[in-house]
Protein chains: 2
Amino acid sequence: MKVSDLSRLTGTPVGTIKYYLREGLLPPGRALGATLTMYGDEHIQRLRLIRALTARGGLSIAATRDVLAAIDQPLDPLATLGVVHYALPTPVDAAETDAVGEQAPQVDQLLGAMGWDISEESPHRRALAASLMDLSRLGMEYSTEDLLPYAELAAAAARLDLDRLEDIEDRLRLAEHAAIVVLLLEPVLAILRRLAQEDESRHRTAWARTTDGAGPRSTTRPVDHPRESH
Amino acid sequence: MKVSDLSRLTGTPVGTIKYYLREGLLPPGRALGATLTMYGDEHIQRLRLIRALTARGGLSIAATRDVLAAIDQPLDPLATLGVVHYALPTPVDAAETDAVGEQAPQVDQLLGAMGWDISEESPHRRALAASLMDLSRLGMEYSTEDLLPYAELAAAAARLDLDRLEDIEDRLRLAEHAAIVVLLLEPVLAILRRLAQEDESRHRTAWARTTDGAGPRSTTRPVDHPRESH
């Protein structure tokens, strides 16, 4: 298809497409002469991914280029997830070096307690330390004991994530999906948690009212096994 | 303390403090004369919260004002969580009305399957629809069956969140902590998931190598009960 068709099918202005081509975000089309270049379905898919990473994921053009470069590397498919991880911005920018250092032992303790095998170079170590520091400064200390049940839930989510990725046979598609699963599933999970908080707070409030607020402090219900997927 | 002490203790420039006072983000201090106004510990805590909401949570000044207004309302403490929810921006901006509508039945189906009691006005219904639409356009359909195990994990996380909030007796502090738990725990959970993905992908890759990649497609381990906290 011509660039005008690509523009129409994806709702992306031609000028934007040419900008992505110049910036190396979009692979060149097939030149059929001095003025005619043809594009394929892979350009449609790539444009949608660029839009998702920038508009939804909030990535800069530079970060998007890094992620796309990681996606295009012919790596071991599961190892690609690591490359994607390091190319993506972390959910928290860990700028304050000294203050983050204070929380580093707690991060090590949590990783140790979970038995997680994490690279020393992982940007997520510092990002987690920065987040815990924020919470601590606001008077909300989260101890390793407090964080462990959340880490268990994260581990269960990661297993679901990787099960999904293992269903994909095409290696380039897999790398692309790894970026999508890491970045675009994050808001889904955040929204699900907020919905669950609304439901849970509604139940607890109703319960507190019927017992005139005199019930026990915690109304924790047993934590169910996540249902089997697929 | 004087405004200069408040500035020094919180690392916030005096000009910024005066801006927050003018914008109504920070309650006025106690005037001890025409030129001397005194501030208290509550101003330190509030400044830290404003900084966390704006710098970490990425909220605008207007959104921060809405959240702080919600926090300061003398409401039922657990219902406050709902007010905070609606004042916070959603993780996804659901701008495309028509396209979001397409996914609305799937959102209803998921909420029904979970038995979640969610207001029709919840901004998270539309935000979830928008996220699912993004994924679908990128060729990653998540069916209700695919989402259910994630929703179960979100429900378990929400129970942990509300257990934590129920430990807090002071009602204003509780509302403040609700905003922190909703907004600032989100990056913590996102980072924990990425760390868990790294660990899980390392295990699966190592496993795949030792068996020469000829193992079964899925290496799902049993999902553990989240450990008991506290």
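Definitions and cut-offs
Residues numbered from 1 in each chain as written. Chains lettered and ligands numbered in written order. Predicted model: local features only at pLDDT ≥ 70, side-chain atom pairs only at ≥ 80, totals over all residues. Heavy atoms only, no water. Contact = heavy atoms within 4.5 Å. Buried area = accessible area lost by both parts, 1.4 Å probe. Salt bridge = Lys/Arg side-chain N within 4 Å of Asp/Glu carboxyl O. Phe/Tyr/Trp six-rings, centres within 6.5 Å; stacked < 30°, edge-to-face > 60°. Buried < 20%, exposed > 50% of the residue type's maximum accessible area, 1.4 Å probe, protein only. Lys NZ or Arg CZ within 6 Å of the ring centre and 35° of its normal. UniProt positions renumbered as here; feature names shortened; annotations may be inferred. Helix = DSSP H or I, 4+ residues; strand = E, 2+ residues; numbered from the N terminus. Core = buried A, V, L, I, M, F, W, Y, C linked by side-chain atoms within 4.5 Å. Domains from an automatic or database assignment. Least-squares fit on C-alpha atoms with pLDDT ≥ 70 in both.

- Per an unreviewed UniProt entry, chain A carries the name Transcriptional regulator and comes from Streptomyces atratus.

**Some words on the interface of chain A and chain B**
Here is step 1 of the chain: Contacts between the two partners involve 105 residues from chain A, matched on the other side by 105 residues from chain B.
Here is step 2 of the chain: The junction of chain A with chain B conceals about 10300 Å² of combined surface from both sides, 59% of it contributed by carbon and sulfur atoms.
Here is step 3 of the chain: The three residues of chain A that bury the most area against chain B are Arg56(A), Leu138(A) and Arg194(A), which together make up 9% of that side's buried surface.
Here is step 4 of the chain: Scanning the region where chain A abuts chain B turns up eleven salt bridges.
Here is step 5 of the chain: Its salt-bridge partner being Arg194(B), residue Glu186(A) comes within 2.7 Å of it at the nearest N-O pair.

**As for the packing of aromatic side chains**
Here is step 1 of the chain: Applying the stated criterion across every chain, the model contains two aromatic pairs over all chains.
Here is step 2 of the chain: Their ring planes at 45 degrees and their centres at 6.0 Å tell us that Tyr19(A) and Tyr20(A) sit as a pair that is tilted.
Here is step 3 of the chain: Taking the relative accessible area as the measure of exposure, Tyr19(A) reaches 30% and is therefore partly exposed.
Here is step 4 of the chain: Lying over the aromatic face of Tyr142(B), Arg164(A) brings its terminal NZ or CZ to 4.1 Å of the ring centre.

**Re the UniProt feature "domain: HTH merR-type" (unreviewed entry) in chain A**
Here is step 1 of the chain: The positions that UniProt labels "domain: HTH merR-type" (unreviewed entry) are, in the present scheme, residues 1–70 of chain A.
Here is step 2 of the chain: Helix makes up 61% of residues 1–70 of chain A and strand 6%, and the two end C-alpha atoms of the span are 27 Å apart.

**Considerations on the nonpolar core**
Here is step 1 of the chain: Of all hydrophobic cores here, the largest spans 139 residues; its most connected members are Trp116(A), Leu192(A), Trp116(B) and Leu192(B).
Here is step 2 of the chain: Residues contacting Leu192(B), with those up to four places away along its chain left out, are Leu110(A), Trp116(A), Leu128(A), Tyr150(A), Ala151(A) and Ala154(A).

**Overview of the pattern of salt bridges**
Here is step 1 of the chain: Throughout the structure, instances matching the rule amount to 23 salt bridges over all chains.
Here is step 2 of the chain: The closest approach of N and O atoms between Arg204(B) and Asp163(A), which form a salt bridge, is 3.1 Å. Note that Arg204(B) is positioned in helix H9 (residues 171–210) and Asp163(A) in helix H8 (residues 144–166), a pairing that runs across two chains. One exposure class covers both Arg204(B) and Asp163(A), and it is buried.
Here is step 3 of the chain: Across the pair Arg193(A) and Asp161(B) runs a salt bridge, and its minimum N-O distance is 2.8 Å. Of this pair, Arg193(A) sits in helix H9 (residues 171–210) while Asp161(B) sits in helix H8 (residues 144–166), on two different chains.
Here is step 4 of the chain: Assessed through its relative accessible area of 3%, Arg193(A) is described here as buried.
Here is step 5 of the chain: Several salt bridges converge on common partners, so that one network encompasses Asp163(A), Glu166(A), Glu200(B) and Arg204(B).

**Structural notes on the domain arrangement of chain A**
Here is step 1 of the chain: Domain boundaries in chain A define domain 1 (1–56) and domain 2 (90–167).
Here is step 2 of the chain: Its C-alpha centre places domain 1 of chain A at a distance of 38 Å from the equivalent point of domain 2 of chain A.

**Description of the relation of the copies chain A and chain B**
Here is step 1 of the chain: Between chain A and chain B, the superposition needs a rotation of 180 degrees and an axial shift of 0.0 Å, giving an RMSD of 0.0 Å. Both chain copies can therefore be described as sitting about a two-fold axis.
Here is step 2 of the chain: Comparing interface residues between copies, 100% of those in chain A also sit at the interface in chain B, which points to an isologous, same-surface contact.

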